[in-house]
Amino acid sequence: MGITGLLTVLKEAQEPVHISSFKGQTLGIDGYVWLHKGAFGCSQEIALGQDTRRYVNYILKKIEMLRHFQIVPFVVFDGGSLTSKEETEMEREAKKNIQEGLRLFNMGLKKEAQTYFQRGINITPKFAKDVIEELKKKNIQYVVAPYEADAQLAYLEREGTIQGIITEDSDLIVYGCKKIIFKLDDAGNGMLFDRERLGQVRSFSLRGWTDETFRKMCILSGCDYLSSVHGVGLKRSHKYLQRSRDIKQIAENQWIAFHPQIDSENDEIRRVICSG
DNA sequence: CCCTAGTCGTCAT
DNA sequence: CGACTAGGG
């Protein structure tokens, strides 16, 4: 989904942490994030179809850092690729970038080509497969999620298998995760989001809000699954839900009252919100 | 103040 | 993916 501005608006629910505060605990890792960053550093080799282990080594280095601080890593990879419209367009865009990169590369413009190679990175199951091979050798826990890693990580935390999550994706907050480490660097420093601190958020009051209402606020503010309602972000979404927790009421009355331009073209959104 | 859409960085030397 | 920001409402 990717909720625009969510992390910014929830800054009071976050604080700097060092990974060592999770010593002895198991942390779930959003595999896609590290795969993508690792691939970023060897985009040329990937685009040229050359064999490279650099993205594997990148992740192994991160894992070693965690183990140095006695963290037990549990890597979660994405399973079935989404077959949404946006996904195929993203892939098409990626291919175009690779082609442009190859064109520049063949002209000898190596540096200029790299920018396009980096934009054209597309994480395929092969990447995860190569990493998994090494994780097996090192006896590091991992799982390939049936669908999205997000839901799997949320489940693992709820069931107590992991005590926190390492990612860069704010969607984990929407999925109800309690402890999430963002912006983890090589030294083990990061920002910890703690769900218990949601009441300290200053942008708007979330006191007395259930995870369910919070989720609806995020969906209402716009996500990739739906064509979002023009002019409604997190703040206005919060305002509407504060006034009435009945989404159907908001959809049928307030949206149209506040935004007359919204009508039948957003029936799709209405259906999803009301069923959610 | 709020929202949108576009740009840039992610690695690494 | 997020951070940042110019520009419109």
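Nothing here was measured: the structure is a model prediction, and the numbers come from that model.

Per the UniProt record, "domain: XPG-I" (unreviewed entry) is annotated on residues 136-206. Secondary structure across residues 136-206 divides into 23% helix and 24% strand, with the first and last C-alpha atoms of the span separated by 43 Å.

Pairing geometry for strand 5 (residues 164-166) and strand 6 (residues 179-182), over two bridges, is parallel. Bridge pairing in strand 6 places I166 opposite I181. Sheet analysis places strand 6 next to strand 7 (residues 189-194), joined by four bridges and oriented antiparallel. Looking at strand 7, one finds that I180 is bridged to F193. Hairpin remark: strand 6 followed by strand 7, antiparallel, with six residues in the connecting loop; positive phi at K183, about 55°.

A few words on the packing of aromatic side chains. The full count for this structure, using the stated rule, is two aromatic pairs. One cation-aromatic arrangement involves R119 over Y116; the distance from NZ or CZ to the ring centre is 5.0 Å. Of note, R195 hangs over the ring of F214, and the distance from its end group to the ring centre comes to 5.5 Å.

Look at helix 2 (residues 31-40) against helix 4 (residues 54-68): their axes get within 7 Å of each other, and the N-to-C directions meet at 125°. Comparing the axis directions of helix 2 and helix 4 gives the class oblique. By crossing handedness, the relation of helix 2 to helix 4 is classed as right-handed. Here helix 2 contributes W34, L35, K37, G38 and A39 to the contact with helix 4, which in turn contributes Y55, Y58, I59, K62, I63 and L66. Partitioning the contact of helix 2 with helix 4 into residue classes produces eight nonpolar, one polar and two charged.

Looking now at the protein's contact with DNA strand B. Not every one of the 15 residues close to DNA strand B is listed here, only the nearest: F40, G231, G233, K235 and R236. Within 4 Å of the protein, atoms of DNA strand B come from sugar and phosphate in 68% of cases. Between DNA strand B and G233 there is a distance of 3.1 Å, counted from a phosphate oxygen to a backbone nitrogen or oxygen. For the surface near DNA strand B, the secondary structure elements donating two or more residues are helix 2, helix 4 and helix 11 (234-243). Counted by class, the surface near DNA strand B contains five nonpolar, six polar and four charged residues.

Strand order across the open sheet formed by seven strands is 1-7-6-5-2-3-4, with mixed pairing between neighbours. Since the sheet does not close on itself, it has two edges, and those belong to strand 1 (14-18) and strand 4 (141-144), each with one partner. Here the strands of the sheet are splayed against their neighbours by 30° on average, with no regard to which way each runs. On the sheet, helix 2 packs against strand 2 (26-30), strand 3 (72-77) and strand 5 and is oriented at approximately 55° with respect to strand 2. Helix 7 (residues 125-137) contacts strand 3 and strand 4 of the sheet and is inclined by roughly 155° relative to strand 3.

Calculation criteria
Residues numbered from 1 in each chain as written. Chains lettered and ligands numbered in written order. Predicted model: local features only at pLDDT ≥ 70, side-chain atom pairs only at ≥ 80, totals over all residues. Heavy atoms only, no water. UniProt positions renumbered as here; feature names shortened; annotations may be inferred. Helix = DSSP H or I, 4+ residues; strand = E, 2+ residues; numbered from the N terminus. Pairing = 2+ DSSP bridges. Phe/Tyr/Trp six-rings, centres within 6.5 Å; stacked < 30°, edge-to-face > 60°. Lys NZ or Arg CZ within 6 Å of the ring centre and 35° of its normal. Axes fitted to C-alpha atoms, helices over the stretch in contact; angles between N-to-C directions. Parallel < 35°, antiparallel > 145°, perpendicular 65-115°, else oblique. Left-handed = near helix turned anticlockwise from the far one by under 90°. Contact = heavy atoms within 4.5 Å. Nonpolar A, V, L, I, M, F, W, Y, C, P; charged D, E, K, R; others polar. Near = heavy atom within 4 Å. Polar contact = N/O pair within 3.5 Å; in protein donor to acceptor, adjacent residues only side chain to side chain.

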